[in-house]
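# Structural description and commentary
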Amino acid sequence: MALDAAQSFDYESNLSLHSNSTSKLKIAIIGFGNFGQFLAKTLVRQGHTVLAHSRSDYTRVAADLGATFFADPHDLCEQHPDVLLLCTSIISSQHVLNSLPLRRFKRNTLLVDVLSVKEFPKSLLLRTLPPHFDIMCTHPMFGPQSGRDGWTGLPFVYEKVRIGDEDSRIARAEKFLDIFEREGCKMVEMSCEEHDMHAVRSQFLTHTVGRILQSLELESTEINTKGYESLLDLVENTSGDSFDLYYGLFMYNTNAMEQLERLDLGFEALRKQLFGHIHGILREQLFGSSDNDSAGKKVQLLAESSTKVSGGTTYGYALAKVTKPLRSEDIFSLSSYKTLFSNSLDDSEKLRIAVVGFGNFGQFIAKTMVRQGHHVLAYSRSNYMDVAQNMGATFFSDADDLCEEHPDVVLLCTSILSTEKVLKSLPMQRLKRNTMFVDVLSVKEFPRNFFLQNLPADFDILCTHPMFGPESGKNGWKDLPFVYDKVRIGTDESRVSRCKQFLNIFAREGCRMVEMSCAEHDWNAAGTQFITHTVGRILEKLHLNSTPINTKGYDTLLNLVSNTAGDSFDLYYGLFMYNQNAMEQLERLDMAFESLKKELFGQLHGVVRNQLFDDVGYSQMSQETYMTSDNKR
């Protein structure tokens, strides 16, 4: 849990008016670090008597919270608390229990733990506590960070491991659970074994991904996507937790090793899929062509594009092939948009826009253009005549017919892999000499260079990237990033105005307009879009499901998988193949994962070494850990 320090507060004036003396408990918190203080704040507010004990002196903090601090555990025992609430770190829990004068407590005291794993403390408590103690294993799946705005809807997991059959002991257990139920927690009763099976995904996996991403030192950019924002939130929510907490999730959950191995295998499978795709395209280009000269040129291009360059590795733009569309395959519901046409545009502001590549993303963009009053001409290899007609656009199956309509703008909405073939198939000579070409590809340096090399010199070029699609933009485009680079725009007033009118399509919808160079876009996108899709696709291979005890972080992972799984592999492959910064990001992600595994297994090796060869043994190590772990959980 995040370790925000509890703050001073006058809780005497905020005691719940609904509590009565019969529902109040005397609760001794053992381990009064930040999480213990976090829980004490609510316990005091509800009117319970809170006693605190810790190796560190928290007398002042306890007084400010409305609790009583005891430096000597014997003094605490003599207060005969109803409940002992164990809030130590998992690593020090055994030493702490052994240090308490348990037989000085009332014989039927209820001991409750709040550790993040459950099978280990259950076994420890049954083995260590006197047989007449009641035992309840719990896990509030939130902390000072995630629970700072209240506990409503947050999971509280518990198992009544051993509760005496007297009415008073049954009632006491229910009173304790009522503390969390009254705060709106989602109360989940399940066995400790079942908890650990679910928590290895909802908590250990979440923390693992968060720590890997933290190693990459991700930063917010001008072109953050919603998926990337969720990764930044995940890092923030896990970065405040100590390594001991994460190590405890790994060391004391019997399912953690298997989950770590599955994540490793998922990453390896994704890398093989990426490089296997490259190999397949290369093999087809080298040996599938009957034109030996053409094959020779492709080899030369590949060699040139595979050399190391400053700032990263570039990959052959010549590997473009016609495959599946890149964009999400979500299809918006079709309806007649003729009644939605905007009358706010003057005729002089309306553009004739040819959308080349009228698949799902082309239709998604065209829908808004038609609504704003622009004249949309659609062209695609597939027959979308009915779709275009229902939308209010005009469909052309012949490229010559399309170009003879003299569109002001040719908007290329094809996949990146088919860009070269589609562009070269257009009869450029039938277009007006100053036509403006616009692309919407997810990488920018490749289309920029390709346009400059292949379009007539008097054509205008605008490279853009709407960083949203049919799924993320289904509820409107407000505040979503639209990146653009005016690569080559003529100085004539009419051409400057035409570019402005096109950009205004997105500005009028509330997009966050970001002007940056194609090179800068690709550098930022490698760390935002490519990383987001990579993490999403790795997690997709784990076949994650929702659990009864989802944390906020785990919900973030599930949403990330949902948002990236709908995109074709060719979209992801295009982000990797045509962004020269992508390989560096993939390598950094790989190194971060390897570093985390070494840290985990290095600490594990240290524990085993102490147990086998150190005369002091593990108990001494645990004691030393306890002395420094008051602020860890």
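Residues numbered from 1 in each chain as written. Predicted model: local features only at pLDDT ≥ 70, side-chain atom pairs only at ≥ 80, totals over all residues. Heavy atoms only, no water.

Looking up the protein in an unreviewed UniProt entry gives the name Prephenate/arogenate dehydrogenase domain-containing protein, with the organism given as Kalanchoe fedtschenkoi.

Regarding its fold elements, the protein presents 22 helices and 18 strands. Across the 633 residues in the protein, those meeting the buried criterion constitute 56%. The long-range fraction of contacts in the protein, counting pairs at least 24 apart against all pairs at least 6 apart in sequence, stands at 77%. Carbon and sulfur atoms make up 47% of the accessible area of the protein, which totals about 27,500 Å². (Helix = DSSP H or I, 4+ residues; strand = E, 2+ residues; numbered from the N terminus. Buried < 20%, exposed > 50% of the residue type's maximum accessible area, 1.4 Å probe, protein only. Contact = heavy atoms within 4.5 Å. Areas by Shrake-Rupley, 256 points an atom, 1.4 Å probe, with all protein chains shown as cover.)

Looking now at the pairing of strand E14 (residues 409-412). Burial along E14 is two-sided: Val409 and Leu411 facing one way and Val410 and Leu412 facing the other are all buried. Of the pairings in the sheet, the one linking strand E11 (residues 352-356) to E14 comprises four bridges and is parallel in character. In the sheet register, Ala354 faces E14, and the bridge partner there is Val410. The pairing of E14 with strand E15 (residues 436-439) spans four bridges and is classified as parallel. Looking at E15, one finds that Val409 is bridged to Met436. (Pairing = 2+ DSSP bridges.)

Let's shift gears to unusual backbone geometry. Peptide bonds are trans in most cases, and residues, glycine excluded, mostly fall at negative phi. Of note in this structure, Glu217 is not a glycine but carries a positive phi near 55°. Summarising the element assignment, Glu217 is placed in the loop between helix H7 (192-215) and helix H8 (226-239). Classification of Glu217 as exposed rests on a relative accessible area of 64%. Here the phi dihedral of Asp479 falls at roughly 70°; this positive angle occurs in a residue that is not glycine. Mapped onto the elements of the fold, Asp479 is located in the loop between strand E16 (460-466) and strand E17 (481-488).

Looking now at the nonpolar core. Formed by 109 residues in total, the largest nonpolar core has its most connected members in Leu213, Leu423, Phe437 and Leu539. The element that contributes the greatest number of residues to this core is helix H21 (residues 582-613), accounting for eight residues. In this structure, Leu539 is in contact with Leu205, Val209, Leu263, Leu544, Leu557, Leu560 and Val561, ignoring residues within four places of it in sequence. (Core = buried A, V, L, I, M, F, W, Y, C linked by side-chain atoms within 4.5 Å.)

Let us now look at the sheet that holds E11. Hydrogen bonds between backbone atoms are what pair the strands of a sheet, whose relative direction is either parallel or antiparallel. Pairing is mixed in the open sheet, where eight strands are placed in the order E13-E12-E11-E14-E15-E16-E17-E18. Whereas interior strands pair on both sides, the edge strands pair on one side only; in this sheet they are strand E13 (394-396) and strand E18 (512-515). Averaged over all pairs of adjacent strands, the angle between their axes in this sheet comes to 25°, without regard to strand direction. Contacts between helix H17 (residues 493-507) and the sheet are confined to E11, E14, E15, E16, E17 and E18, with E16 contributing the most and set at about 10° to the helix. (Axes fitted to C-alpha atoms, helices over the stretch in contact; angles between N-to-C directions.)

If you trace the backbone, His195 turns up in helix H7. Of the polar contacts made by the side chain of His195, one reaches the side chain of His139; its length is 2.8 Å. Residues in contact with His195, not counting those within four places in the same chain, are Ser116, Val117, Lys118, His139, Val157, Met190 and Ile549. (Polar contact = N/O pair within 3.5 Å; in protein donor to acceptor, adjacent residues only side chain to side chain.)

Right, let's get into the environment of Arg211. Position of Arg211 relative to the elements: it lies in helix H7. Expressed as a C-alpha distance, the spacing of Arg211 and Thr238, which sit 27 residues apart in the sequence, is 7.2 Å. With residues near it in sequence (within four places) discarded, Arg211 still touches Thr238, Asp241, Ser242, Phe243, Tyr246 and Leu596. Among the polar contacts made by the side chain of Arg211, one reaches the main-chain carbonyl oxygen of Ser242 at a distance of 3.1 Å.

Further remarks concern the side chain of Thr138. Mapping Thr138 onto the fold places it in strand E6 (residues 134-140). When sequence neighbours within four positions are dropped, the list of residues in contact with Thr138 reads Val112, Asp113, Val114, Leu115, Lys118, Phe156, Val157, Tyr158 and Phe176.

Reading across the sheet, the eight strands line up as E3-E2-E1-E4-E5-E6-E7-E8 and stay open at both edges, with mixed pairing between neighbours. This sheet does not close on itself; its edge strands, each paired only once, are strand E3 (68-70) and strand E8 (186-189). Each neighbouring strand pair of the sheet contributes to a mean axis angle of 25°, computed without reference to strand direction. Along the sheet face, helix H5 (residues 119-128) touches strand E5 (110-113), E6 and strand E7 (155-162) and points at about 160° away from the line of E6.

All right, on to the environment of Val114 then. With respect to the helices and strands, the residue Val114 is situated in the loop between E5 and H5. Separated by 28 residues in the primary sequence, Val114 and Leu86 have C-alpha atoms spaced 6.5 Å apart.

Further remarks concern the pattern of salt bridges. Summed over all chains, the structure comprises 25 salt bridges. The partner of Glu183 in a salt bridge is Arg45, with the nearest N and O atoms 2.9 Å apart. A residue pair is termed long-range when its members are at least 10 positions apart, and Glu183 in the loop between helix H6 (167-182) and E8 and Arg45 in helix H1 (residues 34-45) qualify at 138 residues. Relative accessible area serves as the criterion here: at 17%, Glu183 is assigned to the buried category. Residue Asp460 is joined to Arg498 by a salt bridge in which the shortest nitrogen-to-oxygen separation is 2.9 Å. Here Asp460, found in strand E16, pairs with Arg498, found in helix H17; they are 38 residues apart in sequence, far enough to count as distant. (Salt bridge = Lys/Arg side-chain N within 4 Å of Asp/Glu carboxyl O.)

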